[in-house]
Amino acid sequence: MLQFKTLPIDEIMLMVYPRLFSVHNLAETWTDKNTIPPRLPLTAEKLTRQGAFLLQTHEQFIIWVGRHVSEIFVNSVYNTKSYNDLPEARVGLEHHDNAISDLLLDLISLLSKVRDVPTTVVSVREDSRSGSMFLQHLVEDRSDGQISYYEFLQKIQQQVG
């Protein structure tokens, strides 16, 4: 609770509603490198097994790697041959001399610059036990016995208005 009183509003927003980006197709979706690319809604519905997604929280970046992501992406970003060669969870992201790695690191750098706070990059595989560290931030999804974020906002709006 103390963080809500002391952190800047941008940090609080990332605590409550992190940013989600598709990174397996950055070359097609991120045309202006001076602006932040389009965000995705925080729902599992937007995740695909053929993709990789970057989540920016107030504490870290988490890259979720889908089971059927292209070998080109895995090789370019992680310098491994296939998805199966990736560890379940990996801290850090090294630069590799290729366009995909450059784009991903440029995006992380841009997002970090906006916040001016150093952050950790953690990569998790879709099928790993560590995947919950990513999935727990998908606040627009319903949880057992709970309403979604969107439904919560509607309920607040009804009570206020």
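Residues numbered from 1 in each chain as written. Predicted model: local features only at pLDDT ≥ 70, side-chain atom pairs only at ≥ 80, totals over all residues. Heavy atoms only, no water.

**Q** Any chance you could explain the packing of aromatic side chains here in plain terms?
**A** Geometrically, a pair of aromatic rings is defined through the distance of the ring centres and the angle of the planes. As enumerated under the stated definition, the model contains two aromatic pairs in all. Between phenylalanine 53 and tryptophan 64 the ring centres are 6.0 Å apart and the planes differ by 45°, which places this aromatic pair in the tilted class. Taken together, the residues span a long stretch of sequence, with phenylalanine 53 in strand S2 (residues 52-56) and tryptophan 64 in strand S3 (residues 60-65) at a distance of 11 residues. One exposure class covers both phenylalanine 53 and tryptophan 64, and it is buried. (Phe/Tyr/Trp six-rings, centres within 6.5 Å; stacked < 30°, edge-to-face > 60°. Helix = DSSP H or I, 4+ residues; strand = E, 2+ residues; numbered from the N terminus. Buried < 20%, exposed > 50% of the residue type's maximum accessible area, 1.4 Å probe, protein only.)

**Q** For this particular structure, what's the right way to read the side chain of serine 22?
**A** The residue serine 22 is located in strand S1 (residues 19-22) in this model. Separated by 3.3 Å, the side chains of serine 22 and histidine 24 make a polar contact. Side-chain polar atoms of serine 22 contact the side chain of asparagine 25, separated by 2.6 Å. (Polar contact = N/O pair within 3.5 Å; in protein donor to acceptor, adjacent residues only side chain to side chain.)

**Q** Could you clarify how one ought to interpret the pairing of S3 in this entry?
**A** Along any regular strand the residues' side chains alternate between the sheet's two faces. Of all six residues that make up S3, six are buried, and the element is covered over most of its length. Of the two faces of S3, the one lined by Gln60, Ile62 and Trp64 and the one lined by Phe61, Ile63 and Val65 are each fully buried. Across five bridges, S2 lies against S3 in antiparallel orientation. Looking at S3, one finds that phenylalanine 53 is bridged to tryptophan 64. The loop that links S2 with its antiparallel partner S3 comprises three residues. As paired elements, S3 and strand S5 (residues 120-125) share six bridges and run parallel to each other. (Pairing = 2+ DSSP bridges.)

Function cannot be inferred from these measures alone, as they are strictly geometric.
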